[in-house]
Amino acid sequence: MSGNLSRLLKPQSIAVIGGGAWCANVIRECRKIGFAGDIWPVHPKRSEVGGVAAYASIDVLPSAPDAAFVGVNREVTVEAVRQLAERGTSGAVCFASGFQEAQAELGNGADLQGALLAAAGQMRLLGPNCYGFINALDGAALWPDHHGMTQVESGVAILTQSSNIALNLTMQTRGLPIAYLCTVGNQAQTDLAELGMAVLDDPRVTALGLHIEGIADIRRFEALAAKAFNLGKRIVALKVGASEQASAATISHTASLAGSDAGARALLARLGIAQVGTLAGLLEALKVLHCSGPLEHGGIASMSCSGGEASLMADSVLGSNLYFPALGADQEEALRTALGPKVALANPLDYHTYIWNDGLAMTACFSAMMATGSLALGIVVLDFPRLDRCDAAEWDRVTDAVVATAKETGRTMAVLASLPETMPEHVAQDLMARGVIPLSGIGEALEGLSAAVWLGAHGPASTPILRPQNGAGSETEPGDAADTQSILSEGAAKAALAEHGLVVPLSRRVCSVEEAGKAAQEIGFPVVLKGEGFAHKTEAGAVKVDLCSGADVIEAAEAMAAQGYLVEQMISGAVAEVLVGVTRDPAHGYVLTLGAGGVLTELMQDTVSLLLPVDEGGLVSALETLRIAPLLSGYRGAEAADVKAIVNAVLAVQDYVIAHAGAVGEVEINPLLCLPKGAVAVDALIRLEKQA
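Basis of the calculations
- Residues numbered from 1 in each chain as written.
- Predicted model: local features only at pLDDT ≥ 70, side-chain atom pairs only at ≥ 80, totals over all residues.
- Heavy atoms only, no water.
- Axes fitted to C-alpha atoms, helices over the stretch in contact; angles between N-to-C directions.
- Helix = DSSP H or I, 4+ residues; strand = E, 2+ residues; numbered from the N terminus.
- Parallel < 35°, antiparallel > 145°, perpendicular 65-115°, else oblique.
- Left-handed = near helix turned anticlockwise from the far one by under 90°.
- Contact = heavy atoms within 4.5 Å.
- Nonpolar A, V, L, I, M, F, W, Y, C, P; charged D, E, K, R; others polar.
- Pairing = 2+ DSSP bridges.
- Patch = residues over 30% accessible without salt bridge, like charges linked within 9 Å, V, L, I, M, F, W, Y side chains within 5 Å.
- Areas by Shrake-Rupley, 256 points an atom, 1.4 Å probe, with all protein chains shown as cover.
- Salt bridge = Lys/Arg side-chain N within 4 Å of Asp/Glu carboxyl O.
- Lys, Arg positive; Asp, Glu negative; His and termini not counted.
- Charge placed at Lys NZ, Arg CZ, Asp CG, Glu CD.
- Buried < 20%, exposed > 50% of the residue type's maximum accessible area, 1.4 Å probe, protein only.
- Right-handed = clockwise from strand over helix to strand, strands pointing away.
- 1 Å grid on protein atoms, 1.4 Å probe; cavity = no way out; pocket = protein on both sides within 12 Å on 5 of 7 lines; lining within 4 Å.
- Points joined across faces, edges and corners; volume = space filled by probe spheres on them.
- Expected span 1.5 Å × (residues − 1).
- Arc of directions from axis to C-beta.
- Polar contact = N/O pair within 3.5 Å; in protein donor to acceptor, adjacent residues only side chain to side chain.
- Core = buried A, V, L, I, M, F, W, Y, C linked by side-chain atoms within 4.5 Å.

A. Geometry of the packing of helix 3 (residues 74-87) against helix 5 (residues 109-120). Taken N-terminus to C-terminus, the directions of helix 3 and helix 5 make an angle of 15°; their axes are 8 Å apart at the nearest point. Regarding the angle of helix 3 to helix 5, the classification is roughly parallel. In this structure, the crossing between helix 3 and helix 5 has a hand that is left-handed. Contacts between helix 3 and helix 5 involve R74, T77, V78, V81, R82 and A85 on the former and, on the latter, G109, L112, A115, L116, A119 and A120. Across the contact of helix 3 with helix 5, the residue classes break down as eight nonpolar, two polar and two charged.

This is the structure in structure tokens:
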């Protein structure tokens, strides 16, 4: 952790600039969480703030504070930050809004944010437009509102751009120990990645959770991912929204299918950061990582005393990377001994109520289920009754049996409440203290487990992400715009890609109807005729296939009335058609999209996105995730496609993009005809752009 960030996040002295209710709240929250250092309110007219004697100005403070909460209006914030920096303060939280995020409304937000950064100099800033942070390890809260955290000895760190979401997360009752809760607001100086690296330096932090609206610096995110992995810690993220910095090109299918959100998700996957879709899933994933770390695989066991719960568990893993391995002979024998002849043995297991309230019998049952090396986790489904109306002693015997099973077998165990409200917080905390994972809610728990399984199989890529280059040879930044664009003709695009190894049909580009007929004779029938000057030729009726004579070609050309014509050798015998597209995403790099091609592209929306560069193994794995994968592997006895040739075609496109990274805006092949032997690009598009 860099010195200034360390002092900011672990302060011994805190200055609170301002006298309003928000500033008084900071003092209240510091006291509530047990802050033992000095608190120095600063206000020019008030003698005290929040019950603490105030100083008239920053320059009369006893010494330079380690951290400051600046809770004044946006104009005064800039001057206060300048004075704090001159005094030698390590870092400050800037609470005020009205900076870059309000540029459209106020007109001077960007200029004011620039002035704020200049005023800070080398002093660290969080925000502006953020609540700040809570350090529950050391008891420090530069936080202007209520929160639900208490001091912990170890736990996860959660970073978010949204202060209100951060506040909501502090109120969780799932038993998750949160060590750091930090907000970054506008990320004017310190972004999620840099702050993430700082909190990961703390050995008491076990995992990192991110709520991401936008990624400020890809290279820092790469460094964050590598650092976390090298420390043996894992990252889970909830990515929301689509970046406004995405390419606005609409001339191809790829641009509409990929989008910048796809780029962001591809980026996180490449960095080995697991992704969830809900806040609850984020909390459950972090809970699993805190208790056990990533799971080796998705093989799990479920045990409940209800057939309904067993069925619900079985249905809930469909479509995920979780599965229930069938029982082995040793498991069946041990379970039969524990449960008797009346219970149907399966995974998920309904152990009925025969052994309910019998701690030894339940331990024998659970241990029998875990008597195999094919399971990454054992789950006992258990919903606690309302403690204000019921006695939970019998339920406690179940958790005791789960704890005993974990000790006897050495296997990772969890207790899962099907509803989050039926896992009381004190039960979750007790289970965690005894080495068992408490899971709250079937849907979010399985989402969290899926993330943990994904993390067990993935880490950050070793090759840096390919970033677009500007004319000076340096990387472009998010927000850089193209001031000129040009679109190569299909023939020119194919020729350019063919120079990098892409296989294309034999073709002739001609200007007149008569020349089209002659070109067809030279190529040999059947041929395909395409009219030039159309973004989407098929929709415009500018593609005619299977033309078997010169007269057919001339008739088709006359009907098109195009600017020019491309006459091509007709390729037949395709097993499948694939889309291969690359778009320049200023926020994330070059996004590669693979998917169902031809007329199925928009109909099926069957795509996967990766960031360049990619390798052969990654491409094969990506193709296997598509819904058209069975066609590629030979569906119902049909011939399989030449996957090696498909991969080579994609790598040829990549080679072209790498060679022209300062100019390429977009490349698309649609379709790539996938043959039993070979893969041929029968349509191609290239959009070039010059950066401003």
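B. Geometry of the sheet that holds strand 14 (residues 274-275). Taken together, the seven strands give an open sheet; going across it, the order is 9-8-11-10-12-13-14, and neighbouring strands pair in mixed fashion. Each edge of the open sheet carries a strand with a single partner, namely strand 9 (140-142) and strand 14. Sheet topology note: the strand 8 (residues 133-135)/strand 9 ladder contains three bridges and is antiparallel. Across the sheet, N135 pairs through a bridge with A140, a residue of strand 9. Seen against the sheet, helix 6 (residues 163-170) touches strand 8, strand 10 (155-160), strand 11 (178-183) and strand 12 (205-212) and runs at an angle of roughly 165° to strand 11. Sitting on the sheet, helix 8 (residues 218-230) is in contact with strand 12 and strand 13 (234-239), with an inclination near 140° to strand 13.

C. Representation of a negative patch on the surface within the structure. There is a patch of like negative charges on the surface, built from E514, E515, D552, E555 and E558. Broken down by secondary-structure element, the contributors of at least two residues to the negative patch are helix 18 (513-523) and helix 19 (550-560). With three residues, the single largest contributor to the negative patch is helix 19. The class of D552 is partly exposed, set by a relative accessible area of 32%.

D. Inspection of the pairing of strand 19 (residues 437-440) at higher detail. Burial along strand 19 is two-sided: I437 and L439 and P438 and S440, pointing in opposite directions, are all buried. Pairing of strand 18 (residues 413-417) with strand 19 involves four bridges; the strand directions are parallel. Bridge assignment links A414 to a residue of strand 19, and that residue is I437. In the classification by handedness, the crossover that spans strand 18, the intervening helix 15 (residues 425-433) and the parallel strand 19 is right-handed.

E. Empty space enclosed by the protein, seen in detail. Scanning the model with the defined rule gives two cavities of 30 Å³ or more in all. Looking at the second largest cavity, its volume works out to about 60 Å³. Along the walls of the second largest cavity sit A225, A228, F229, K233, R234, I235, L271, G272, I273, H458, G459 and P460, which together make up its complete lining. Looking at side-chain class alone, the lining of the second largest cavity contains seven nonpolar, three polar and two charged residues.

F. Up close: helix 8. Between the first and last C-alpha of helix 8 there are 18 Å, a value that for 13 residues agrees with the 18 Å anticipated at 1.5 Å per step. The set of residues buried in helix 8 consists of I218, F221, E222, L224, A225 and A228. For helix 8, the buried positions fall inside an angular range of 160° around the axis, keeping them on one side. For helix 8, the capping residue at the N-terminal end is D217, with a side-chain oxygen 3.0 Å from the backbone nitrogen of R219. Looking one or two residues past helix 8, G232 carries a phi angle of roughly 75°, positive in sign.

G. Summary view of the nonpolar core. Counting 105 residues, the largest nonpolar core has Y180, L208, L210, F221, L224, I379 and L449 as its most contacted members. Among all residues touching L224, those that are not within four sequence positions of it are A193, G196, M197, L200, L208, L210 and I235. Of all hydrophobic cores here, the second largest spans 43 residues; its members include L466, A645, A649 and A684.

H. Seen up close, the side chain of H290. By secondary structure assignment, the location of H290 is in helix 10 (residues 279-291). Residue classification places H290 among the buried residues on the basis of a relative accessible area of 17%. Setting aside anything within four residues of it in sequence, one finds H290 in contact with S154, G155, V156, P177, T206 and M432.

I. Geometry of the sheet that holds strand 16 (residues 349-350). With parallel pairing, the five strands of this open sheet are ordered in space as 16-15-17-18-19. Strands at the two margins of the open sheet, each flanked by one partner only, are strand 16 and strand 19. Bridging between strand 17 (residues 377-381) and strand 18 involves four bridges; their strand directions are parallel. Residue G378 lies in a different strand from strand 18, and its bridge partner there is M413. In this fold helix 14 (residues 393-409) packs onto strand 17 and strand 18, with an angle of close to 155° to the strand it touches most, strand 18.

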